[in-house]
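# Remarks on the overall topology
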Amino acid sequence: MPSRTTAQRTVPSPTVTIMAALRGGNAVRGGQGRSGRIAGDAALNRCGRGAEACAMTTVHPSNVRPAGGDLERTAWWALRQDRALLALPVVGGVATVAALVPVLVLAALVPDGAGVVRWVVGALHAFVSTTVGTFFAVALAAGAHQRLSGEDPTFGSSVGAAWAHRGAVLGWSLLATVVGLVLRAIEERIKGLPGFLLSFTGGVAWAVASFFAIPIIAVHDVGPIGALKASAATMRERWSTSA
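The structure presented is a predicted model; accordingly, all values stated were derived computationally and were not measured. (Residues numbered from 1 in each chain as written. Predicted model: local features only at pLDDT ≥ 70, side-chain atom pairs only at ≥ 80, totals over all residues. Heavy atoms only, no water.)

As a further point, take a nonpolar patch on the surface. Taken together, the side chains of Leu193, Phe196, Leu197, Phe200, Val204 and Val208 present a nonpolar region at the surface, about 540 Å² in accessible area. With respect to the helices, strands and loops of the structure, Phe196 is situated in helix 9 (residues 192-209). (Patch = residues over 30% accessible without salt bridge, like charges linked within 9 Å, V, L, I, M, F, W, Y side chains within 5 Å. Areas by Shrake-Rupley, 256 points an atom, 1.4 Å probe, with all protein chains shown as cover. Salt bridge = Lys/Arg side-chain N within 4 Å of Asp/Glu carboxyl O. Helix = DSSP H or I, 4+ residues; strand = E, 2+ residues; numbered from the N terminus.)

Taken as a class, soluble globular proteins show a tendency for nonpolar side chains to be buried jointly. Counting 26 residues, the largest nonpolar core has Leu88, Val138, Trp172, Ile214 and Ile217 as the members making the most contacts within it. Listed by contribution, the elements that provide at least two residues to this core are helix 5 (83-109), helix 6 (115-148), helix 7 (155-164), helix 8 (166-189), helix 10 (213-219) and helix 11 (224-242). Ranked by the residues each element gives to this core, the list is headed by helix 6, at 9 residues. Judged by nonpolar contacts, the second largest core, of 6 residues, contains Leu100, Val103, Ala107 and Val121. (Core = buried A, V, L, I, M, F, W, Y, C linked by side-chain atoms within 4.5 Å. Buried < 20%, exposed > 50% of the residue type's maximum accessible area, 1.4 Å probe, protein only.)

Let's shift gears to the pattern of salt bridges. All chains considered together, the criterion is met by 2 salt bridges. As a salt-bridge pair, Asp152 and Arg147 come within 3.3 Å of each other at their nearest N and O atoms. We classify Asp152 as exposed; its relative accessible area is 59%. For Arg184, the salt bridge goes to Glu188, with nearest N and O atoms at 3.2 Å. With Arg184 and Glu188 both in helix 8, this residue pair falls 4 residues apart, about one helical turn. Residue class for Arg184 comes out partly exposed when judged on its relative accessible area of 30%.

By the secondary structure assignment, Val138 is in helix 6. Looking at Val138, the relative accessible area reads 0%, which means it is buried. Sequence spacing of Val138 and His165 is 27 residues, and the spatial spacing of their C-alpha atoms is 8.6 Å. Apart from residues no more than four positions distant in its own chain, Val138 is found in contact with Ala162, Val169, Ile214, Ile217 and Ala218. (Contact = heavy atoms within 4.5 Å.)

Below, the discussion takes up the packing of aromatic side chains. A full pass over the atoms with the stated rule returns 4 aromatic pairs. Arranged with centres 5.4 Å apart and planes meeting at 80°, the rings of Phe135 and Phe136 form a pair that is edge-to-face. Of the two residues, Phe135 and Phe136, neither departs from the other in class, the shared state being buried. With a centroid separation of 5.1 Å and an interplanar angle of 90°, the aromatic rings of Phe211 and Phe212 are classed as edge-to-face. Residue classification places Phe212 among the buried residues on the basis of a relative accessible area of 2%. (Phe/Tyr/Trp six-rings, centres within 6.5 Å; stacked < 30°, edge-to-face > 60°.)

Of all the residues in helix 7, the buried ones are Ser158, Ala161 and Ala162. Around the axis of helix 7, the buried residues are gathered within 100° of arc, so they sit on the same side. Facing away from the buried side of helix 7 by more than 90 degrees, the exposed set consists of Gly156, Trp163 and Ala164. (Arc of directions from axis to C-beta.)

Let us look at the side chain of Thr131. Among the secondary structure elements, Thr131 is positioned in helix 6. Those residues within four positions of Thr131 in sequence are excluded, and the remaining contacts are Val169, Leu170 and Ser173.

So, about helix 9. Helix length check: helix 9 (18 residues) gives 26 Å between terminal C-alpha atoms against 26 Å at 1.5 Å per residue, within 8%. Of the positions making up helix 9, those classed as buried are Gly195, Ser199, Gly203 and Trp206. Buried residues along helix 9 cover an arc of 65° about the axis, so they all sit on one side. (Expected span 1.5 Å × (residues − 1).)

Turning to the side chain of Ser173, a few remarks are in order. If you trace the backbone, Ser173 turns up in helix 8. If near-sequence neighbours (up to four positions away) are discounted, Ser173 is found in contact with Phe127, Thr130, Thr131 and Thr134.

Attention now moves to the packing of helix 6 against helix 8. The N-to-C vectors of helix 6 and helix 8 enclose an angle of 135°; their axes lie 8 Å apart at closest approach. Looking at the two axes, helix 6 sits oblique to helix 8. Every pair of crossing elements has a handedness; the one defined by helix 6 and helix 8 is right-handed. Only Val169, Leu170, Trp172, Ser173, Leu174, Ala176, Thr177 and Leu181 of helix 8 make contact with helix 6, whose side of the interface consists of Trp119, Ala123, Ala126, Phe127, Thr130, Thr131, Thr134, Phe135 and Val138. For the contact of helix 6 with helix 8, the residue count by class is 12 nonpolar, 5 polar and no charged. (Axes fitted to C-alpha atoms, helices over the stretch in contact; angles between N-to-C directions. Parallel < 35°, antiparallel > 145°, perpendicular 65-115°, else oblique. Left-handed = near helix turned anticlockwise from the far one by under 90°. Nonpolar A, V, L, I, M, F, W, Y, C, P; charged D, E, K, R; others polar.)

What follows is the structure in structure tokens.
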């Protein structure tokens with residue numbers, strides 16, 4: 001059975017995806033071949049910061065977002081506003097299982113002595129699961145962006161937005177899978193504590209650098225490398241601002 005890779009663990013949870021979209025969903029388009037710089041959160045700027053509540057399209061208790069200072073509450077607020085957003089992680093989980101069934105059947109048919117074939121099947125397992133997870137994470141971020149922009153997202157509009165960025169989704173999934181496989185290979189080749197520390201440090205660095213990549217892909221026409229550069233730039237900016 002192929003083991004779980006670091007690439008698969010980097011697909012964020014629904015709340016993390018929404019929080020990332022809230023913090024870094026707006027990117028300033030850069031020149032050709034450049035990732036551009038990340039601007040502030042336009043939604044929070046538009047509605048004000050601190051204790052002031054934000055009304056979306058109408059002034060109604062269900063349409064009033066929590067104060068901008070509590071991002072976790074705001075993330076859950078965005079999830080609760082639309083059943084479409086709540087359904088995306090569920091459908092994504094079912095789709096992941098369905099997509100992995102052929103890969104798992106293939107893995108079961110591979111003989112124990114075929115090391116290279118088993119490695120290929122394991123890499124395919126990681127890529128398929130990462131791709132499906134990334135697709136629905138991008139759809140979730142797109143739906144949250146639509147809601148925070150005053151639109152009324154649906155399941156179709158969220159999935160459609162992710163499908164429009166399918167090239168970036170595939171490219172990002174491939175990049176994440178390669179990173180995960182490399183980190184796992186380091187841990188397996190370098191035995192003991194040094195290998196674990198190298199793999200762990202690399203995994204943390206990757207998770208931090210790629211934290212904003214999903215919402216950036218959901219909202220902007222960027223490739224995987226551009227999304228990674230923009231995500232890392234956003235993290236540095238936020239870190240320096242907090243410091």
